[in-house]
Amino acid sequence: MLYTMKDLLAVAKENKFAVPAFNICSYDMMKAIMEEAEVQNAPVILEIHPDEIAYLNNEFVAAAREYAHNSSVPVVIHMDHGGTIKDVMRAIRNGYTSVMIDASAQPYEDNLAITKQVVELAHNVNVSVEAELGTIGNNGSAEGGSANIIYTDPDQAETFVKETGIDTLAVAIGTAHGLYPKNMTPKLNIELLKELNKRIDIPFVLHGGSGNPDSEVSEAVKHGVAKVNLSSDLKSVFFDALREILSENPDMLEPGDVFPGANEKVKAVVRHKMTVLQTVGKADLY
């Protein structure tokens, strides 16, 4: 079942669970995520970054849409961190049901202006829009981010949401893209999230959700977070497994022999994250 982000997250926010948004960079990764989502009877968001679609090509989205249409669970196809109108238009033409315009590194007035333009374009064709206010940190991820986290300002966020008409807001409350160094323990500003949730009705998005403690992520879901972006956790286990499989079996040539082991590692992460976010079984609510 193919959904817009607005319709998918309205149910999640009302019922206080979050839907994981998994970045996909191959058909096998998408296959593993979808198979596990159906086993868990859980809604899911397939997220494709402009860099990922540049590699996969536009035709990949048709495969994702077909997978979603044939699935027994709700599925959103979302563009992650589009930086330009060109990124947005490409995603809309390809059939995404949701787009993110990320102008958070630009001055506030520029972020406001480009986001309003994207909302007008996307809403005219029933595509949902996510935007970002404040900055997410970066631990070397392709998703980008800032060397210094700038927390989302509640006053500014309230005005931004009203003036743009966005469907979801990515909030900066202390996360970073990528895998955290072993000596670094991330800490979410839950009190800030509570304040934002009191003042803003739309669902929030937590970017950089791979390395944060499960207890903190679960707590964030109680206070308006309805979508959690996950990329590095999946890619790291997927490619680590492939390296190990091919190293131990250098003569292995068939995809059906090489990929299943890596796919099972991905499924284990999907299963765990859906448990943390309380997404398991929630497809019945749609």
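The structure contained in this document is the topic of the report that follows. What you see is a predicted model, and the numbers here were worked out from it, not measured in a lab.

In space, the eight strands of this closed barrel follow the order β1-β2-β3-β4-β5-β7-β9-β10, with parallel pairing throughout. Geometrically, the sheet is characterised by an average inter-axis angle of 25° between neighbouring strands, direction not taken into account. In the sheet, strand β2 (residues 44–48) pairs with strand β3 (residues 75–82) via five bridges, with the strands oriented parallel. Bridge assignment links I45 to a residue of β3, and that residue is V76. The sheet strands contacting helix α7 (residues 154–164) are β5 (128–133) and β7 (168–171), and the helix crosses β5 at an angle near 155°.

As a rule of thumb, nonpolar side chains are buried together in soluble globular proteins. Grouped together as the largest cluster of nonpolar side chains are 76 residues, with contacts concentrated most on I33, V99, I166 and L169. If you tally residues by element for this core, the top one is helix α11 (residues 255–276), at seven residues. When residues no more than four places from it in sequence are discounted, the contact partners of L169 are A131, E132, L133, A157, F160, V161, I200, I202, P203, F204 and V205. Core analysis: the second largest hydrophobic core is formed by 12 residues, M5, L9, A21 and V76 among them.

Two faces make up the sheet, and in a regular strand the side chains alternate between them. Across the two faces of strand β4 (residues 98–101) the burial is the same, with S98 and M100 and V99 and I101 all buried. Handedness of the crossover is the feature at issue here: the chain leaves β3, passes through helix α5 (residues 85–94), returns alongside β4, and the resulting connection is right-handed. Note that β4 and β5 share four bridges and pair parallel. Note that in β5 the partner of I101 across the bridge is A131. Handedness of the crossover joining β4 and β5 through helix α6 (residues 108–123) is recorded here as right-handed.

This paragraph deals with the packing of helix α9 (residues 214–221) against α11. One can describe the packing of α9 onto α11 by two numbers: an axis separation of 9 Å at closest approach and a directional angle of 50°. The pairing of α9 with α11 is recorded here as oblique in orientation. In this structure, α9 contributes D214, V217 and S218 to the contact, and α11 contributes H272, K273 and V276. Along the lines of polarity and charge, the residues of the contact of α9 with α11 split into two nonpolar, two polar and two charged.

Once that is clear, we can look at unusual backbone geometry. Phi is positive for K16, which is not a glycine, with a value near 55°. Among the structural elements, K16 can be located in the loop between α1 (5–15) and β1 (19–23). The residue N126 is not glycine, and still its phi comes out positive at about 60°. Its location among the elements puts N126 in the loop between α6 and β5. Given a relative accessible area of 59%, N126 falls into the exposed group.

This paragraph deals with the side chain of N229. Mapped onto the secondary structure, N229 falls in strand β10 (residues 225–230). What makes N229 buried here is its relative accessible area of 4%. Only 3.0 Å separates the side chain of N229 from the side chain of E47, close enough to count as a polar contact.

Each value, and the rule that gives it
Residues numbered from 1 in each chain as written. Predicted model: local features only at pLDDT ≥ 70, side-chain atom pairs only at ≥ 80, totals over all residues. Heavy atoms only, no water. Pairing = 2+ DSSP bridges. Helix = DSSP H or I, 4+ residues; strand = E, 2+ residues; numbered from the N terminus. Axes fitted to C-alpha atoms, helices over the stretch in contact; angles between N-to-C directions. Contact = heavy atoms within 4.5 Å. Core = buried A, V, L, I, M, F, W, Y, C linked by side-chain atoms within 4.5 Å. Buried < 20%, exposed > 50% of the residue type's maximum accessible area, 1.4 Å probe, protein only. Right-handed = clockwise from strand over helix to strand, strands pointing away. Parallel < 35°, antiparallel > 145°, perpendicular 65-115°, else oblique. Nonpolar A, V, L, I, M, F, W, Y, C, P; charged D, E, K, R; others polar. Polar contact = N/O pair within 3.5 Å; in protein donor to acceptor, adjacent residues only side chain to side chain.

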